[in-house]
Structure formats: C-alpha cells, structure tokens
Amino acid sequence: MTLTSTPASTASTGENPYFLALDYGTQSVRALVFDRQGQLVAKRQHVVQPYRDGAPGESEQSADYCYRQLVDVVRGLFEHTQVLPAQIKGMALTTQRACTVLLDDAGQAISPVYMWSDRRLASDNPPPMAWYYRLGFFCVGLSRRIAYLRRAAKVNYLLEHQKDRLAAADKVGLLSGYLIGQITGRLVDSQASQVAYLPFDYRRKAWAHSRSWRWQALACRPSQMVPLTAPTEQLGQVSEHFAKDSGLTPGLAVYGAGADKACEVYAAGCGEEDIACISLGSAAILAWGGERYREAYRYLPAFPSIEANDYITEIQLERGFWLLSWLIEQFGAQDVAEASRLGISPEQYITQAIAKVPVGADGLLLSPLWAQGVIYPGPEARGSIVGFTPEHGRLHLYRAAIEGILMTLKQGLLRLERLKGSPFKVVRITGGGAQSDLVMQMCADIFNRPVERLSLHEASGLGAAMCCAVGAGIYRDLASARGQMCRLGEKFEPEAAHVAQYARVFTAFEALYPQIKPFFKKVNRQY
C-alpha cells in the first residue's frame, strides 16, 4: 500500500482554524487539513483496494475494510504530520457516488458495499409496475429505458439474489451514509450525496413522494431510506467510538458535504454562469450549475449541488480516465516498467510519451462509451476503436483514448451551451487528468476554449472543507467560502494550428457513434 504525507506548514490559531476533509475515492482515501484560506496544511493518503477479487463484473468491498481505511488514514495524519487533534475545529466527509450497502437498525453493514463499478444486473423480468405507469412510460417512449433502470438498480439485483437480506435491512444506504454513521453514531446522510438508483426525487432534493413510480420500480421501502440533511448543516459529532479508533477529539462537529463530484465541481466554480467544469477522474463528468433545475438530456436528472439552492446539470462518462488506466493494465507492462525506472506514475509517463504521437493519433478513433446508461449514453452503448493500421502502436491507442474522452466531453459541452444559450467563457478542469500539461493543452485545443485548473489538486476535499467553514460560521455561505478558499492555477489557451486539426478530427468523431449505434442495438436486442 502506498502512503503519502504532507507535513503541517503552520501552527493553527484561533483566527485561522483547521478543518479536516475525509475523501474516500475510488483509488485512495485521503485525510486533508485545510485552513480558512483554503491552504492545504497537511495531507495523508492511502491507496485502497477498490474492490475484492471476484467474478467478472463483480465489484464489492467489505464495509469494515472501508471503515478501517478511514480510521487508518486519520491516525496516519496525526502520526506523520505536525497537526494535532485539538487543532481541528470541524470535519466533513466526501465519498465516491452510487456505492450501495444494506444496514441494520444500529447502522452496521449486513452486506458488502456494492461499488459504483459493479456491473451485475437484475433479470429482465422484474415484478410488473402498475398499468398506468407502464402506459405512461410507453407513451413517452421510455419503456425500454425504465426496464434497463430496473435491471441496473442494485436493490433489484439484491431482490433476486439476496431477498431475505434485503427484506431484513433496516436501511438501504450509500457508502457516505454508512461512514457518517460510523463517525457520529447517527445514521444520516447529505442530500448532495444521493446519486444512485434509489427512489430520490432530484428536483425536490428529497426521497420520492409515496405515490411516485420510483417505489414500484425499485425494490425498497420508504422506511428503509436514510434521513437526509442539507450540506453545511451539522450532522452530528465525532463519537467516542470513532474518536478512540481514529485519534480525533470526541465531540468534534461533523458537517454535511456531498459526493466527491459535487464537492469537486463546486470548488472549481460550478454555479458561476459562464464557467463549465470538467472532472477528469476515474469517471469523467461535465458540469454546469445554477438555481434552475435543467436536464442535459430529457429525463436525465440534474443532481443536487452542495450549494443548497443550486443544481448540477451533468453529463457523465462513467469510464473516464479509468479507461487510460485499463489500457495501461492490459497493454502497458513495458510502460509501467519504464515509469518505475524513472520514478513516476505510469499515467505521468504515458502523458509525456504520447506527445510524440500526432494530433488525431494518425486516424485512430476511440469511442469511450464503455459503460451503459439509462438515458445517456443509453443501455445499448458499447465502446469501439476504429481505424487500426499496421503503423499504429500502443502510444497511438493511449492518445486516441484521451482524445476520445475529451471529444465526447466536447459534444456535451456544445450541448450545454445550446441549453445555456451562450458559450462558456472558460472551462475549469480538475481530477487526475488535470495534472498533465499536455492533457490540459489538449483540452484547450479540442474545446477551443481557454481552460484552467486550480492551484490545488485536492478539489473534492476543498469543497468539503468549504462546507465545514460555512457550518462552523467562518463564512456566511458557500459562495463567500469559495471566494476566499479557491485559488486558480495555470491557464491554457487554444493553439490555432491544433484547433484546426482537431476540428477535422471532431467531425469524423461525431459521425462515429451514430453510425455504429444501430449495430449495437441489433446485437443487443434486449435494448
């Protein structure tokens, strides 16, 4: 397991309190200490096992493993940095989205955590919904998509394979709610963490009304839903149990934040009118925020922002820079070895090496729709690589993957601009991909927009720290906190020659999926 620490840089004072943000991501768990100006004072990071080895498509992890990783990273923070528990004045948790777990009446897990990457589906013969719901979905052309939603929902899979366990569960929760329960002894979660196939009404930011179709589509009861609070509100206090395990001070205030993407894009400026935000993480998302509830595609919900009055209009590419990691795992043993020799990560090595590959990867196109969706990209979606010649090598494949991800996000960017009615003035980039200057320049050239990144890489943790600062009364609202705690890093302008080259590649790329989609539908007739 890789462990990294950043020592504390200054001593805390009453005028500059410290806030602890715990970020349980797909690849690692981080304990991050920020001051009121948004400076990262200390950091401890542990690489985690995303899921246990199992059958293909199976992606689950022990809930106790997740808890122990959280405990260990906090203990490591105090052991390997100069930060003291007494200096922490508040804490918040942010986690990866859509990780489902069944809980008993004491908030303890009675199932594994089914991670967001779990691909197991329920059968295509679930209990029928009421005739009037079925008629309504038929009339608006959603019958097949609702059928896929029901197959993709983890609670429906559990109804088939763990029926007794599902029935016995006091609560059907997410990883965020489970961990907050372990931290505070109180089972509660944030509205801004509810991104999953659960009966949540995204427009109302609350569990669905008792007469909603969602309760018939999804195999859970209203009584099984975890109580929700708004971000920045105090969820509880660090319990004696968690304090003993982690080294934190008992009674420390715990504030609500949101899922990792909600925290990340808000910290980057989501909600400001002329800013689009892109996260280039394991999952890549394009986000635009505001007070109006606006759907990027009809029936694709806008998600709650950590700003209580805002929504996030989002387009997600579920397998974002995960795709690059997957390609390296499958084909890049030589590159991994060379990166190790140089003392850098394989991703760093790859993003340097592909600079030698021409724009457009010598005609190789990759459509990165590796994962299906209910509305976008659709249940029939499959990835594709088109245009191989004997001259292509693995570096072409890596570059085509990154270009495919960015051109797919450009399609979403143009769609959001049509919805907005005007172009975005700047695109803010966060996530692992934003650490590469080459990738940032590719973003500027493909989007033909100025792009910039934050001075700080830990955007999800920063968003959670902003929630702490507001909850503790340091700032009156999140906009004020962001104004003081967010700092911009480098800005990249489009290069005219590359913009023209990418415009030609984008024309070909736009035609690729519409041409191949009928084939996918034909070979996957259930869609």
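If you're wondering where the values come from, they're calculated on a predicted model, not measured in any experiment.

Peer 1: For the overall build of the protein chain, give the residues involved together with the corresponding values.
Peer 2: Helix and strand counts for the protein chain stand at 17 helices and 24 strands. A globule of 527 residues ought to have a C-alpha radius of gyration of about 24 Å, and the protein chain, at 23 Å, matches this closely. Seen through its principal axes, the protein chain has C-alpha atoms that stretch 60 × 60 × 45 Å. Burial statistics for the protein chain: of 527 residues in total, 59% are counted as buried. Of the contacts made within the protein chain by residues no fewer than 6 positions apart, 70% connect residues no fewer than 24 positions apart. Surface exposure of the protein chain reaches about 21300 Å², of which carbon and sulfur atoms provide 50%.

Peer 1: Give a description of the pattern of salt bridges that names residues and reports values.
Peer 2: Under the counting rule described, the total for this entry stands at 26 salt bridges. Across the pair glutamate 60 and arginine 120 runs a salt bridge whose closest N-O atoms are separated by 2.9 Å. Residue glutamate 60 is located in strand S5 (residues 60–61), and its partner arginine 120 is located in the loop between strand S8 (113–114) and helix H2 (131–139); the two are separated by 60 residues in the primary sequence. Assigned by exposure class, glutamate 60 and arginine 120 land together as buried.

Peer 1: Explain helix H1 (residues 63–80) to me, and be specific about the residues and the numbers.
Peer 2: Along its 18 residues, H1 runs 26 Å from first to last C-alpha, staying within 8% of the 26 Å computed at 1.5 Å per residue. Along H1, the residues classified as buried are Ala63, Tyr65, Cys66, Tyr67, Gln69, Leu70, Val71, Val73, Val74, Gly76, Leu77 and Phe78. Put simply, serine 62 is the residue that caps the front of H1, since its side-chain oxygen is 3.2 Å from the backbone nitrogen of aspartate 64.

Peer 1: An account of the side chain of glutamate 307 is requested, with residue identities and associated values reported.
Peer 2: Locating glutamate 307 in the fold gives a position in the loop between strand S18 (303–304) and strand S19 (311–317). With residues up to four places along the chain from it excluded, the contact list for glutamate 307 reads Lys205, Tyr266, Leu478 and Ala479.

Peer 1: Could you give an account of the pairing of strand S9 (residues 171–174), naming the residues involved and the relevant values?
Peer 2: Neither face of S9 is open: one carries Lys171 and Gly173, the other Val172 and Leu174, and all of them are buried. Note that strand S7 (residues 100–103) and S9 share 4 bridges and pair antiparallel. Its bridge partner lying in S9, leucine 103 is registered against lysine 171.

Peer 1: Mind laying out the packing of aromatic side chains, listing which residues take part and the relevant values?
Peer 2: Summed over the entire model, instances satisfying the criterion amount to 15 aromatic pairs. Their ring planes at 20 degrees and their centres at 6.1 Å tell us that tryptophan 322 and tryptophan 326 sit as a pair that is stacked. With tryptophan 322 and tryptophan 326 both in helix H10 (residues 322–331) and 4 residues apart, this pair spans about one turn of that helix. For the ring pair phenylalanine 519 and phenylalanine 520, a centre distance of 5.9 Å and an interplane angle of 50 degrees mean the geometry is tilted. Connected via pairs of aromatic rings, a cluster forms that spans Phe200, Tyr202, Trp207 and Phe303. The ring centre of tyrosine 311 lies 4.5 Å from the NZ or CZ of lysine 205, which sits over that ring. Geometry around tyrosine 266 places arginine 482 over its ring, the cationic atom sitting 3.9 Å from the centre.

Peer 1: Which residues make up the nonpolar core, and what are the values?
Peer 2: If you look at the biggest cluster of nonpolar residues, it comprises 99 residues, and the most contacted ones within it are Leu280, Leu406, Leu409, Ile429, Phe447 and Val451. Sorting elements by how many residues they give to this core places helix H13 (residues 394–420) first, with 11 residues. Discounting residues that sit within four places of it in the chain, leucine 409 has contacts with Ile278, Leu280, Ala284, Ile285, Leu286 and Phe447. Of all hydrophobic cores here, the second largest spans 43 residues; its members include Tyr65, Leu70, Val74 and Leu175.

Peer 1: Which residues make up the pairing of S19, and what values go with them?
Peer 2: Of all 7 residues in S19, 6 are buried, a share of seventy percent or more. Across 7 bridges, strand S17 (residues 284–290) lies against S19 in antiparallel orientation. Residue leucine 286 lies in a different strand from S19, and its bridge partner there is isoleucine 315.

Peer 1: Can you break down the packing of H1 against helix H6 (residues 175–184) residue by residue, with the values?
Peer 2: Look at H1 against H6: their axes get within 11 Å of each other, and the N-to-C directions meet at 60 degrees. By the angle between their axes, H1 is oblique relative to H6. Our pair here, H1 against H6, has a crossing hand that is right-handed. Residues Ala63, Asp64, Cys66, Tyr67 and Leu70 of H1 form the contact with H6, whose own contacting residues are Leu175, Tyr178, Leu179, Gln182 and Ile183. When the residues that make up the contact of H1 with H6 are grouped by side-chain class, the tally is 8 nonpolar, 1 polar and 1 charged.

Peer 1: Which residues make up the environment of alanine 465, and what are the values?
Peer 2: Considering the arrangement of structural elements, one finds alanine 465 in helix H15 (residues 459–471). Note on alanine 465: relative accessible area 0%, which makes it buried. With 433 residues separating them along the chain, alanine 465 and leucine 32 place their C-alpha atoms 8.7 Å apart. When sequence neighbours within four positions are dropped, the list of residues in contact with alanine 465 reads Ala21, Phe34 and Met485.

Peer 1: Explain a nonpolar patch on the surface to me, and be specific about the residues and the numbers.
Peer 2: There is a patch of nonpolar side chains on the surface, built from Trp131, Tyr132, Leu135 and Phe138 and spanning about 520 Å² of accessible area. Among the structural elements, tryptophan 131 can be located in helix H2.

Peer 1: Summarise the state of the cysteines; cite the residues concerned and give the values.
Peer 2: Applying the stated criterion across every chain, the model contains 0 disulfides. Between cysteine 66, a free cysteine, and cysteine 99, which holds the nearest cysteine sulfur, the sulfur-to-sulfur gap is 7.9 Å. Take cysteine 66: its relative accessible area is 0%, and that puts it in the buried class. The thiol sulfur of cysteine 220 is not disulfide-bonded, and the nearest other cysteine sulfur, from cysteine 99, lies at 17 Å. Given the relative accessible area of 7%, cysteine 220 is considered buried.

What counts as what
- Residues numbered from 1 in each chain as written.
- Predicted model: local features only at pLDDT ≥ 70, side-chain atom pairs only at ≥ 80, totals over all residues.
- Heavy atoms only, no water.
- Helix = DSSP H or I, 4+ residues; strand = E, 2+ residues; numbered from the N terminus.
- Rg over C-alpha atoms; globule rule 2.2 N^0.38 Å.
- Buried < 20%, exposed > 50% of the residue type's maximum accessible area, 1.4 Å probe, protein only.
- Contact = heavy atoms within 4.5 Å.
- Areas by Shrake-Rupley, 256 points an atom, 1.4 Å probe, with all protein chains shown as cover.
- Salt bridge = Lys/Arg side-chain N within 4 Å of Asp/Glu carboxyl O.
- Expected span 1.5 Å × (residues − 1).
- Polar contact = N/O pair within 3.5 Å; in protein donor to acceptor, adjacent residues only side chain to side chain.
- Pairing = 2+ DSSP bridges.
- Phe/Tyr/Trp six-rings, centres within 6.5 Å; stacked < 30°, edge-to-face > 60°.
- Lys NZ or Arg CZ within 6 Å of the ring centre and 35° of its normal.
- Core = buried A, V, L, I, M, F, W, Y, C linked by side-chain atoms within 4.5 Å.
- Axes fitted to C-alpha atoms, helices over the stretch in contact; angles between N-to-C directions.
- Parallel < 35°, antiparallel > 145°, perpendicular 65-115°, else oblique.
- Left-handed = near helix turned anticlockwise from the far one by under 90°.
- Nonpolar A, V, L, I, M, F, W, Y, C, P; charged D, E, K, R; others polar.
- Patch = residues over 30% accessible without salt bridge, like charges linked within 9 Å, V, L, I, M, F, W, Y side chains within 5 Å.
- Disulfide = S-S within 2.5 Å.

Spatial relationships are all this shows, so hold off on functional conclusions.
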